[in-house]
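A closer look at the structure
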Amino acid sequence: MKAGIEKMDSQEWEGAISLFDRVLDQNPSQGQALNAKGVALFQMEKYKEAIPVFSQGIEADSASYKPWFNRGNAHFELGNFKEAISDYNMANRLDPAQTDIYYNRGVALLSNESYEDAILDFDMALQSNPNQALVHFNKGKAQMGNNDPVGALESLTNAVNLDPKNGAAYYLLGVTRLSALNQKNEGCADLKMALSLGYQEAETWINDFCD
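Source: prediction; values computed, not measured. (Residues numbered from 1 in each chain as written. Predicted model: local features only at pLDDT ≥ 70, side-chain atom pairs only at ≥ 80, totals over all residues. Heavy atoms only, no water.)

1. What to know about the overall build of the protein chain
Along the backbone of the protein chain there are 13 helices and zero strands. Reported as C-alpha extents along the three principal axes, the dimensions of the protein chain are approximately 70 × 30 × 25 Å. Sorting the 211 residues of the protein chain into buried and exposed places 45% on the buried side. For the protein chain, the accessible area works out to roughly 11100 Å², and carbon and sulfur atoms hold 45% of it. Positive and negative charge centroids in the protein chain, built from 17 and 29 side chains respectively, lie 3 Å apart. (Helix = DSSP H or I, 4+ residues; strand = E, 2+ residues; numbered from the N terminus. Buried < 20%, exposed > 50% of the residue type's maximum accessible area, 1.4 Å probe, protein only. Areas by Shrake-Rupley, 256 points an atom, 1.4 Å probe, with all protein chains shown as cover. Lys, Arg positive; Asp, Glu negative; His and termini not counted. Charge placed at Lys NZ, Arg CZ, Asp CG, Glu CD.)

2. Side note on the UniProt feature "repeat: TPR" (unreviewed entry) in the protein chain
Under the UniProt annotation, "repeat: TPR" (unreviewed entry) lies at residues 65–98 and 99–132. Taken end to end, residues 99–132 has its terminal C-alpha atoms 12 Å apart, with 79% of it in helix and 0% in strand. (UniProt positions renumbered as here; feature names shortened; annotations may be inferred.)

3. Points about the packing of helix α5 (residues 65–77) against helix α7 (residues 99–111)
α7 packs onto α5 with a crossing angle of 30 degrees between their chain directions and a minimal axis gap of 11 Å. Classified by the angle their axes make, α5 and α7 are roughly parallel. Handedness of the α5/α7 crossing: left-handed. Residues Y65, F69, N73 and F76 of α5 touch α7, and the partners they reach there are D100, I101, N104, V107, A108 and S111. Residue composition of the contact of α5 with α7, grouped by class: six nonpolar, three polar and one charged. (Axes fitted to C-alpha atoms, helices over the stretch in contact; angles between N-to-C directions. Parallel < 35°, antiparallel > 145°, perpendicular 65-115°, else oblique. Left-handed = near helix turned anticlockwise from the far one by under 90°. Contact = heavy atoms within 4.5 Å. Nonpolar A, V, L, I, M, F, W, Y, C, P; charged D, E, K, R; others polar.)

4. Quick notes on the packing of aromatic side chains
Counted under the stated rule, the structure contains seven aromatic pairs. Between the aromatic rings of F69 and Y88, the centroid separation amounts to 5.8 Å while the plane-to-plane angle is 50 degrees, which identifies the pairing as tilted. Placement of F69 in helix α5 and of Y88 in helix α6 (residues 81–94) is noted, with a sequence separation of 19 residues between them. Residue F69 is classed as buried on the basis of its relative accessible area of 11%. Each ring, one from W205 and one from F209, has its centre 5.1 Å from the other, and the planes form 35 degrees; the classification is tilted. Placement of the pair is W205 and F209 together in helix α13 (residues 202–209), with a separation of four residues, close to one helical turn. Through a chain of ring-to-ring contacts, the aromatic side chains of Y65, F69 and Y88 assemble into a single cluster. (Phe/Tyr/Trp six-rings, centres within 6.5 Å; stacked < 30°, edge-to-face > 60°.)

5. Topic: the environment of Q143
Note on placement: Q143 falls in helix α9 (residues 133–145). For Q143, a relative accessible area of 7% puts it in the buried group. Sequence separation between Q143 and F76 is 67 residues; the distance between their C-alpha atoms is 21 Å. Excluding residues within four positions of it along the chain, Q143 makes contact with I119, D148, G151, A152 and S155.

Following this line, the structure appears as structure tokens:
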């Protein structure tokens, strides 16, 4: 088990899996080995293969939030948003202090167009650390979906203040200012910043709405 963890630390995923399999040959219900093997498969982007391994980990240790959380991540990568949310819900019940769960569930809820619930999760993630640019960015997207352009403006401004190279955030800022708040000068400036950062979708808006 220790050697497998060391392989994980050096990102030798296949070597780690072979070592965890040796542990599981001796004890097929070793929860830590099952979860670690699932994580290695996940890192190799073998999400479909990881899901049944995490399921075995849940059967072996249903009180640990980790295999639930990790299976949720695998479902999310496959676009199974409802299944991901269900797993994140269980992980959250088992360990409400894990802030990663709130963020990941928020992104899954956003992808599922459950905007209000997504905003609540992003707020929980920001309570523990308000300086997370990506959380502010996704909260802004959820607020746009929830028809709250003023709230989105605040969240997206926080995002670019924390990460001035986020072209997508500048793009959404520009779109929000132009389409919902009638702030042409500020919106065009944001769109031009987005384009300068390589966000090509801004070019159409600039051509259509900016001098």
